[in-house]
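Working through the structure, step by step
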Amino acid sequence: MKPSRRRVIINTDAKNEADDQFAIVHGLLSPTFDVRGLIPAHFGTRRSDRSMEESRAEIDLLLDLMDLTGKVTVANGATTGIPDERTPLDSPGARLIIEESKLASKDDPLFVSFLGPLTDMASAILLDPELVHRDVVVIWIGGRGYRGYQTYPGIEFNLSNDIHAANVVFGSGMTVWQVPSDVYTKVSVSYAELEEQIGDAGPLGKYLIEQLVEWNATYHGEPIESRSLGDSPAIALMLYPRSGDMRVQPAPRFGVDGWYLPGTDNPIHVCEQVDVRFLLADMFAKIRRFARQRSAQ
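Residues numbered from 1 in each chain as written. Predicted model: local features only at pLDDT ≥ 70, side-chain atom pairs only at ≥ 80, totals over all residues. Heavy atoms only, no water.

**What to know about the pattern of salt bridges**
Tallying each qualifying case throughout the model produces 16 salt bridges. Taking the shortest distance from any N to any O, the salt bridge between Glu85 and Arg253 comes out at 2.9 Å. Of this pair, Glu85 sits in the loop between helix 2 (51–65) and helix 3 (92–101) while Arg253 sits in strand 9 (residues 253–254), placing them 168 residues apart in sequence. For Glu85, a relative accessible area of 26% gives the class partly exposed. (Salt bridge = Lys/Arg side-chain N within 4 Å of Asp/Glu carboxyl O. Helix = DSSP H or I, 4+ residues; strand = E, 2+ residues; numbered from the N terminus. Buried < 20%, exposed > 50% of the residue type's maximum accessible area, 1.4 Å probe, protein only.)

So, in structure tokens, the structure goes:
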């Protein structure tokens with residue numbers, strides 16, 4: 001008998017920017033998801049030396065806004081990247097991945113989406129090498145594009161926070177779906193669209209908009225009235241895997257500068273396009289529906 005729900009874990013550097021929040025909410029509001037846990041992730045030390053703890057606080061805030069406090073497992077991830085490709089960082093988050101992977105099967109795989117660095121996945125593999133033989137799909141928002149398009153200068157952010165972990169995961173032979181920067185940066189929403197779509201969607205909608213505008217005002221260096229919800233493709237791909245166009249290719253390695261190097265013959269799936277209309281329309285509809293249901297209580 002086929003399962004009616006998809007088992008998922010969402011690993012998120014929730015306080016890094018303003019897009020993780022939308023992806024987390026979308027995942028929690030999706031009835032076909034059996035969310036086995038949320039894992040707060042670090043996002044380096046550029047802005048904070050407590051980044052994982054800040055991600056945890058943001059997850060707790062969202063759960064409170066959704067009346068889900070105490071109803072969803074939250075397991076803290078590592079506070080930094082792994083020191084090398086042989087040494088894991090043990091954490092409740094890595095242990096959650098290991099334990100849930102043991103329940104996976106061909107007909108009921110575990111999907112683990114990473115909206116930040118791959119630290120906790122790499123640590124789980126290094127702590128339990130048998131994990132790579134289980135029915136687990138790793139979805140990662142990260143890495144520069146393969147097609148030569150310029151998205152932004154310098155090393156891609158999620159990769160930069162743990163290159164060692166990316167090399168462990170990509171070299172493991174596991175099923176990996178990568179959403180690189182030339183794809184995830186194309187999920188932009190404007191302030192006007194957000195106000196029209198979820199501006200009246202209760203405290204949750206209000207918070208999602210306000211924190212996004214505030215982040216731009218604080219950190220964005222040029223005039224802007226939009227933001228890319230770059231983490232949301234991970235949710236769309238778990239909802240409907242064929243909403244993304246995937247190309248299969250050999251797994252690369254990552255150099256210290258973030259560029260691709262020859263890797264293994266292990267196949268990975270690279271998402272080259274995602275159905276943004278489906279993604280945004282479904283998310284907005286679920287947020288509005290949640291607000292209606294809450295106001296009717």
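**Some words on the packing of aromatic side chains**
Two aromatic rings are characterised by how far apart their centres lie and by the angle between their planes. For the structure shown, the criterion picks out eight aromatic pairs. Ring geometry for Phe111 against Trp177: centres 5.8 Å apart, planes inclined by 70°, an arrangement best described as edge-to-face. In this pair, Phe111 sits in strand 3 (residues 110–114) while Trp177 sits in strand 5 (residues 175–179), placing the two residues 66 residues apart along the sequence. A relative accessible area of 11% means that Trp177 is categorised as buried. Ring centres of Trp215 and Tyr219 lie 4.9 Å apart, and the angle between their planes is 40°; on these two criteria the pair is classed as tilted. Here Trp215 pairs with Tyr219, and both are found in helix 9 (residues 202–219), just four residues apart, close to one helical turn. Owing to a relative accessible area of 14%, Trp215 belongs among the buried residues under this scheme. (Phe/Tyr/Trp six-rings, centres within 6.5 Å; stacked < 30°, edge-to-face > 60°.)

**Some details on unusual backbone geometry**
Within the chain, Asp67 stands out as a residue other than glycine whose phi angle is a positive 60°. Within the fold, Asp67 resides in the loop between helix 2 and helix 3.

**Some words on the environment of Thr119**
With respect to the element layout, Thr119 can be found in helix 4 (residues 119–127). By relative accessible area, Thr119 is classed as buried at 1%. C-alpha of Thr119 to C-alpha of Asn11: the two residues are 108 residues apart in sequence and 9.8 Å apart in space. With near-sequence residues (within four places) excluded, Thr119 lies in contact with His42, Ala78, Thr80, Gly81, Ile82, Asp162 and Ala165. A distance of 2.9 Å separates the side chain of Thr119 from the side chain of His42, its partner in a polar contact. (Contact = heavy atoms within 4.5 Å. Polar contact = N/O pair within 3.5 Å; in protein donor to acceptor, adjacent residues only side chain to side chain.)

**What to know about the sheet that holds strand 3**
As summarised here, the arrangement of the seven strands in space is 2-1-3-4-5-11-8, forming an open sheet in which the pairing is mixed. Whereas interior strands pair on both sides, the edge strands pair on one side only; in this sheet they are strand 2 (33–40) and strand 8 (244–250). Neighbour-to-neighbour, the strand axes of the sheet open up by a mean angle of 20°, direction not taken into account. Examined bridge by bridge, strand 3 and strand 4 (residues 136–141) share five bridges and lie parallel to one another. Along strand 4, the bridge assignment pairs Phe114 with Trp140. Lying on the sheet, helix 3 is in contact with strand 1 (6–12), strand 2, strand 3 and strand 4; it crosses strand 2 at an angle near 155°. (Pairing = 2+ DSSP bridges. Axes fitted to C-alpha atoms, helices over the stretch in contact; angles between N-to-C directions.)

**Here's the deal with the pairing of strand 5**
Of all five residues that make up strand 5, four are buried, and the element is covered over most of its length. Here strand 4 pairs with strand 5 via five bridges, running parallel. In the sheet register, Ile141 faces strand 5, and the bridge partner there is Val179. Where strand 5 and strand 11 (residues 267–274) come together, two bridges link them in parallel fashion.

**Comments concerning helix 1 (residues 20–28)**
Most of helix 1 is tucked away, with nine of its nine residues classed as buried. Turning to helix 1, its buried residues are Asp20, Gln21, Phe22, Ala23, Ile24, Val25, His26, Gly27 and Leu28.

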